[in-house]
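Results of the structural survey
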Amino acid sequence: MAKLIYSAITSLDGYIADEDGNFDWAVPDEEVHAFINDLDRPLGTYLYGRRMYETMVGWETDHTLAEQSPVMRDFAQIWQAAEKIVYSRTLEAVSTARTRIERDFEPDAVRQMKASAQRDMIVGGADLAAHAFRARLVDECHLFVVPIVVGGGKRSLPDDVRVELELLDERRFGGGVVYLHYRTRT
Ligand SMILES: NC(=O)c1ccc[n+]([C@@H]2O[C@H](COP(=O)([O-])OP(=O)(O)OC[C@H]3O[C@@H](n4cnc5c(N)ncnc54)[C@H](OP(=O)(O)O)[C@@H]3O)[C@@H](O)[C@H]2O)c1
């Protein structure tokens, strides 16, 4: 059975984007990016909310991204090789390969995907992930805590759920980011 992992780069006060929608402070440096590459390499599928998909699509459509460094080229290849499911009621078409649109986040369908998948899956975009948390579908969290307080914006974790967690691993990076790897307790 595959695991569903919520992965997010968050401010210390728990936001993935600030009140103006900016998340430039969350852009990983080379060390963090290389670590994320290794976490994402074995994954099979990204489950994206439409907004997160729109910020990630450049990894396939904007070749200047991959040209910026070997680490970014590596991530572009990992991203392009994975399956993507985009949850959206408004998106009419996708511009990347191995990508399909789902109109509804149906917990039973995701549960079946987890049961049949060979490789773990990531859920991304806080709004979409909130549905997965509420349905008790999230098995693990990969949180990268950036040393910044942004004061408000898009919460990285939903307000209306209680989830007990077990810390599996942690790591500190030179730039001050801390990685926290949790398993959800059932
Ligand atoms: N911290 C970082 O490293 C980082 C990196 C990239 C981006 N970001 C930020 O994070 C934001 C993305 O997270 P988010 O929470 O705002 O949005 P999100 O979860 O990525 O996307 C929300 C959208 O997903 C669709 N959706 C959600 N629930 C659905 C459901 N049950 N059924 C069908 N469709 C559903 C809807 O699309 P429709 O409106 O099309 O129906 C909804 O508007 C970006 O906008 C960006 O600001 C942060």
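I will try to describe carefully the structure that is included in this document.

Calculation criteria
- Residues numbered from 1 in each chain as written.
- Predicted model: local features only at pLDDT ≥ 70, side-chain atom pairs only at ≥ 80, totals over all residues.
- Heavy atoms only, no water.
- Salt bridge = Lys/Arg side-chain N within 4 Å of Asp/Glu carboxyl O.
- Axes fitted to C-alpha atoms, helices over the stretch in contact; angles between N-to-C directions.
- Helix = DSSP H or I, 4+ residues; strand = E, 2+ residues; numbered from the N terminus.
- Parallel < 35°, antiparallel > 145°, perpendicular 65-115°, else oblique.
- Left-handed = near helix turned anticlockwise from the far one by under 90°.
- Contact = heavy atoms within 4.5 Å.
- Nonpolar A, V, L, I, M, F, W, Y, C, P; charged D, E, K, R; others polar.
- Near = heavy atom within 4 Å.
- Polar contact = N/O pair within 3.5 Å; in protein donor to acceptor, adjacent residues only side chain to side chain.
- Areas by Shrake-Rupley, 256 points an atom, 1.4 Å probe, with all protein chains shown as cover.
- Pairing = 2+ DSSP bridges.
- Phe/Tyr/Trp six-rings, centres within 6.5 Å; stacked < 30°, edge-to-face > 60°.
- Buried < 20%, exposed > 50% of the residue type's maximum accessible area, 1.4 Å probe, protein only.

Section: the pattern of salt bridges
If you walk through the whole model with that rule in mind, you get 15 salt bridges. Among the charged side chains, a salt-bridge network with shared partners connects K3, D120 and E140.

Let's talk about the packing of helix α1 (residues 30-40) against helix α5 (residues 70-81)
Describing two packed helices takes the angle between their axes plus the distance from one axis to the other. Direction vectors running N to C along α1 and α5 enclose 25°, while the axes themselves pass 9 Å from each other. When the interaxial angle is binned, α1 and α5 end up roughly parallel. The interaxial crossing formed by α1 with α5 has left-handed handedness. On the side of α1, the interface is formed by E30, H33, A34, N37 and D40, while α5 contributes V71, M72, D74, F75 and I78. Tallied by class, residues from the contact of α1 with α5 come to five nonpolar, two polar and three charged.

Side note on the site of the ligand
Around the ligand sit 24 residues, and of these M52, S88, R89, T90 and D127 come closest. The separation between an oxygen atom of the ligand and a polar side-chain atom of R50 is 2.8 Å. R51 has a polar side-chain atom sitting 3.0 Å from an oxygen atom of the ligand. Contact with the protein chains covers 87% of the free accessible surface of the ligand, which is 920 Å². Of all the secondary structure elements, the ones that give two or more residues to the shell around the ligand are β2 (15-17), α2 (50-56) and α7 (126-134). The class makeup of the residues in the shell around the ligand is ten nonpolar, seven polar and seven charged.

Remarks on the sheet that holds strand β6 (residues 121-124)
Overall, mixed pairing links the eight strands, which are arranged β5-β4-β3-β6-β1-β7-β10-β9 in an open sheet. This sheet does not close on itself; its edge strands, each paired only once, are β5 (99-102) and β9 (165-172). Along the sheet, successive strands turn relative to each other by an average axial angle of 20°, direction set aside. Taken strand by strand, α5 contacts β3 (45-49) and β4 (83-87), and its axis lies near 90° from that of β3.

Focus on the packing of aromatic side chains
For the structure shown, the criterion picks out eleven aromatic pairs. Residues W59 and F75 carry aromatic rings whose centres are separated by 4.8 Å and whose planes lie at 80° to one another, so their mutual orientation is edge-to-face. Taken together, the residues span a long stretch of sequence, with W59 in helix α3 (residues 58-61) and F75 in helix α5 at a distance of 16 residues. With a relative accessible area of 11%, W59 lands in the buried category.

What about unusual backbone geometry?
Excluding glycine, a negative phi dihedral is what most residues carry, and trans is how most peptide bonds are arranged. Although it is not a glycine, R98 sits at a positive phi angle of roughly 55°. In this fold, R98 is placed in the loop between β4 and β5. Judged by its relative accessible area of 45%, R98 falls in the partly exposed class. Phi is positive for R136, close to 60°, though the residue is something other than glycine. Looking at the element boundaries, R136 is found in the loop between α7 and β7 (140-146).

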